[in-house]
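Each chain is listed here by its residues.
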Amino acid sequence: MSRLRKQLPAHLGAGELHYRGFTGPVDYEIQGDPATLRLGPLRLRGSLTATPEVAAEAFRAGEAELKLEDGARFRVTVVGHSAGSDVAYFEMRV
């Protein structure tokens, strides 16, 4: 019997990404509500959309800080990017 996973609500918005040598606007989509994220090992996954150059550099940097529309700031680990794509994938934690 296959197990069904509960689908988390998508949290969309425009924010600001900061990593070494860059601070600028990005659009983001987070699977789950960032307000429920607490200190510990749990993480939320998401993606950010920017120019292909910014997405590639964020992936190379690995670690960044994402400021959401509501002003909350989260550390993100950029875990995926395809060459030429304007989307990078991340995991976020407190």
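Figured I'd write up the structure that's included with this text. Everything numeric here is computed off the predicted structure, so don't read it as measured data.

What counts, and at which threshold
- Residues numbered from 1 in each chain as written.
- Predicted model: local features only at pLDDT ≥ 70, side-chain atom pairs only at ≥ 80, totals over all residues.
- Heavy atoms only, no water.
- Helix = DSSP H or I, 4+ residues; strand = E, 2+ residues; numbered from the N terminus.
- Contact = heavy atoms within 4.5 Å.
- Polar contact = N/O pair within 3.5 Å; in protein donor to acceptor, adjacent residues only side chain to side chain.
- Buried < 20%, exposed > 50% of the residue type's maximum accessible area, 1.4 Å probe, protein only.
- Core = buried A, V, L, I, M, F, W, Y, C linked by side-chain atoms within 4.5 Å.
- Pairing = 2+ DSSP bridges.
- Axes fitted to C-alpha atoms, helices over the stretch in contact; angles between N-to-C directions.

Remarks on the environment of S85
- Within the secondary structure, S85 sits in the loop between β5 (73–81) and β6 (87–93).
- Once the C-alpha coordinates of S85 and E53 are considered, the two residues, 32 residues apart in sequence, prove to be 8.6 Å apart.
- The residues touching S85, leaving out its near neighbours within four places in the chain, are P52 and A55.
- Here the side chain of S85 touches V87 through a polar contact of 3.1 Å, landing on its backbone nitrogen.

Things to note about the side chain of S47
- Within the secondary structure, S47 is located in strand β3 (residues 44–49).
- Classification of S47 by relative accessible area gives buried; the value is 15%.
- Discounting residues that sit within four places of it in the chain, S47 has contacts with D27, Y28, E29, V87, A88, Y89 and F90.

Observations regarding the environment of D27
- Relative to the elements of secondary structure, D27 occurs in strand β2 (residues 22–31).
- With near-sequence residues (within four places) excluded, D27 lies in contact with G13, A14, S47, L48 and T49.

Some remarks on the nonpolar core
- By size, the foremost hydrophobic cluster in this structure holds 21 residues, and its most contacted members are L17, I30, L66, F90 and M92.
- Of all the secondary-structure elements, those providing two or more residues to this core are β1 (10–19), β2, β3, α1 (52–61), β4 (63–67), β5 and β6.
- Those residues in contact with I30 that sit more than four places away from it in its chain are P9, A10, H11, L44, R45, G46, L68, F90 and M92.

Things to note about the sheet that holds β1
- With antiparallel pairing, six strands are arranged side by side around a closed barrel as β1-β2-β3-β6-β5-β4. For this sheet the average axis-to-axis angle between neighbouring strands, irrespective of direction, equals 45 degrees.
- Relative to β6, β5 runs antiparallel, the two sharing six bridges. For R75, the partnering residue across the bridge sits in β6 and is R93.
- Sitting on the sheet, α1 touches β1, β2, β4, β5 and β6, and the angle it makes with β5 is about 100 degrees.

In short, shape yes, function no, at least from these values alone.
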